[in-house]
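# Coordinates in review
Below are the chains, spelled out letter by letter.
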Amino acid sequence: MLAPLTDDDPRQIGRYRLQNRLGSGGMGTVYLGFTPESEPVAVKVAAAELAADPEFRGRFEREVRAALRVRGGAV
């Protein structure tokens, strides 16, 4: 479910312009973002307090690697 960005949410992360929140929880927030070419993307941002946790960083890195292997127009 889409939710509006809050006042505390960033409006841009890297090259991605953020438009809405897709979800949030203890591990972080997922945003609906757009590339400079206007392609929609999901942008997952880990909670700040987890950034220094080596175990979490390892899990997040594995998640990113797995996502990079998925192919398809809806991914």
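Everything that follows concerns the structure shown earlier in this document.
Now for a look at the structure at hand. Please read these numbers as outputs of a predicted model, since none were measured by experiment.

## Quick look at the environment of Tyr16
Among the structural elements, Tyr16 can be located in strand E3 (residues 16-25). Tyr16 sits in the partly exposed class, given a relative accessible area of 28%. Setting aside anything within four residues of it in sequence, one finds Tyr16 in contact with Arg11, Phe34, Thr35, Val41 and Val43.

## Looking at the pairing of strand E4 (residues 28-34)
Buried residues dominate E4, accounting for six of its seven residues. Judged from the seven bridges that link them, E3 and E4 form a sheet pairing that is antiparallel. By the bridge assignment, Ser24 is partnered in E4 with Thr29. Pairing of E4 with strand E5 (residues 40-46), which is carried by seven bridges, proceeds in the antiparallel orientation. In the strand pairing of E5, Tyr31 is matched with Val43. The hairpin formed by E4 and E5 contains five residues between the paired strands, and Ser38 there has a positive phi angle of roughly 70 degrees.

Rules used throughout
- Residues numbered from 1 in each chain as written.
- Predicted model: local features only at pLDDT ≥ 70, side-chain atom pairs only at ≥ 80, totals over all residues.
- Heavy atoms only, no water.
- Helix = DSSP H or I, 4+ residues; strand = E, 2+ residues; numbered from the N terminus.
- Buried < 20%, exposed > 50% of the residue type's maximum accessible area, 1.4 Å probe, protein only.
- Contact = heavy atoms within 4.5 Å.
- Pairing = 2+ DSSP bridges.

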